[in-house]
Amino acid sequence: MTFGILLAAGAGTRMNNKNQIKSLIKYNDQFLFTYSLNVFLKNKNIDFVYFVVNPDFVSFFKNKIQKLYPKYKNKLIVVSGSKKSRQHSLIECLKVIKNKYQQEFNKSIFVTHDIARVNVDNFLIDESIKVAKKYQFSTAYYPVHDAVVELNKKQYNYIQRSNKYLIQTPQSFVGKLLNFSRIDYESKDLIGMMKLKLNSKNMFLGKINNFKITISQDLKK
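**Some words on the pairing of strand β5 (residues 76-80)**
Where strand β4 (residues 48-53) lies against β5, 5 bridges are found, and the strand directions are parallel. Along β5, the bridge assignment pairs F51 with V78. Handedness of the β4-helix α2 (residues 58-68)-β5 crossover: right-handed.

**So, the packing of aromatic side chains**
Within a pair of aromatic rings, the relevant descriptors are the distance that separates the centres and the angle that separates the planes. Enumeration over the complete set of coordinates arrives at 15 aromatic pairs. With a centroid separation of 5.8 Å and 20 degrees between ring planes, the pair formed by F31 and F33 is classed as stacked. Judged by relative accessible area, which is 0%, F33 ranks as buried. Linked through ring pairs, F3, F48, Y50, Y101, F105, F110 and F173 together constitute an aromatic cluster. The ring of F31 has K26 sitting right over it, with the charged end atom 5.0 Å from the ring centre. Above the face of the F105 ring, K98 is positioned so that its terminal group lies 5.3 Å from the ring centre.

**Some remarks on the environment of F40**
Here F40 is to be found in helix α1 (residues 32-42). It is 8.8 Å that separates the C-alpha atoms of F40 and V120, two residues lying 80 residues apart in sequence. Each residue touching F40, except ones within four places of it in the same chain, is listed here: G4, L6, I46, V49, K75, V111, H113, V120 and I125.

**Here we look at the side chain of T34**
Examined against the element boundaries, T34 turns out to sit in helix α1. Of the polar contacts made by the side chain of T34, one reaches the side chain of Q30; its length is 2.7 Å. Residues contacting T34, with those up to four places away along its chain left out, are L68 and Y69.

**Remarks on the sheet that holds β4**
Spatially, β5-β4-β1-β6-β10-β7-β11 is the arrangement adopted by the 7 strands of the open sheet, whose pairing is mixed. Looking at which strands have only one partner, the edges of the open sheet turn out to be β5 and β11 (203-205). Strand-to-strand twist in this sheet, taken as the mean axis angle between neighbours without regard to direction, amounts to 25 degrees. The sheet contact formed by strand β7 (residues 137-143) and strand β10 (residues 165-174) spans 7 bridges and is antiparallel. Bridge assignment links Y142 to a residue of β10, and that residue is L166. Lying over the sheet, α1 contacts β1 (2-8), β4, β5 and β6 (109-114), oriented at roughly 165 degrees with respect to β4.

**Examining the confidence of the model for the protein**
Mean pLDDT over the protein stands at 90; residues scoring 70 or higher make up 91%. No element of the protein has a lower mean pLDDT than strand β2 (residues 26-27), which averages 82, and none a higher one than helix α5 (residues 122-135), which averages 98.

About the thresholds
Residues numbered from 1 in each chain as written. Predicted model: local features only at pLDDT ≥ 70, side-chain atom pairs only at ≥ 80, totals over all residues. Heavy atoms only, no water. Pairing = 2+ DSSP bridges. Helix = DSSP H or I, 4+ residues; strand = E, 2+ residues; numbered from the N terminus. Right-handed = clockwise from strand over helix to strand, strands pointing away. Phe/Tyr/Trp six-rings, centres within 6.5 Å; stacked < 30°, edge-to-face > 60°. Buried < 20%, exposed > 50% of the residue type's maximum accessible area, 1.4 Å probe, protein only. Lys NZ or Arg CZ within 6 Å of the ring centre and 35° of its normal. Contact = heavy atoms within 4.5 Å. Polar contact = N/O pair within 3.5 Å; in protein donor to acceptor, adjacent residues only side chain to side chain. Axes fitted to C-alpha atoms, helices over the stretch in contact; angles between N-to-C directions. pLDDT = per-residue confidence, 0-100.

Next up, the structure:
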């Protein structure tokens, strides 16, 4: 089985919008959360989509989802995330899935994606699944092309960028790799959280437009 996990529980504090959670902010007149949901729900390689939302908005999203996606009621499941961090939200969702699909869990593929990356497409999802099936886990990446500098004692030093990469989602893994007792909640991405050793085989080329909406200026891209 293949599970899509869409992370949408963030408050969006860096957006400077205290009156709106991030997933309900509009981008090009459309809610952020709908971009990824539309693609994941229609993807034929995804069996179930778990939509991880802010704990205070579970009922709201369940009602919203019923109205927006009635034909996918058997494929789309809304679950509560955590207010602690997106890392905690992901783990809470995985625990829910494991409790329901204990026998299938270890052999299943889990495709995780941040809904703030609104330009995800079927190529990225399918590639993420393909690489994870072959090498146990995968991550999208994109080479750094801009000049990169480091500020050191009020002096900027240029950093060699030929071997620097931006890590993107989707990120996928086979269930048997997950050890709930070894999760690093300080890590910023799935690979680091699970303490997996990344190498070139596990990486697949993402897309330049697969950017993440993090601050209000990103809404203008």
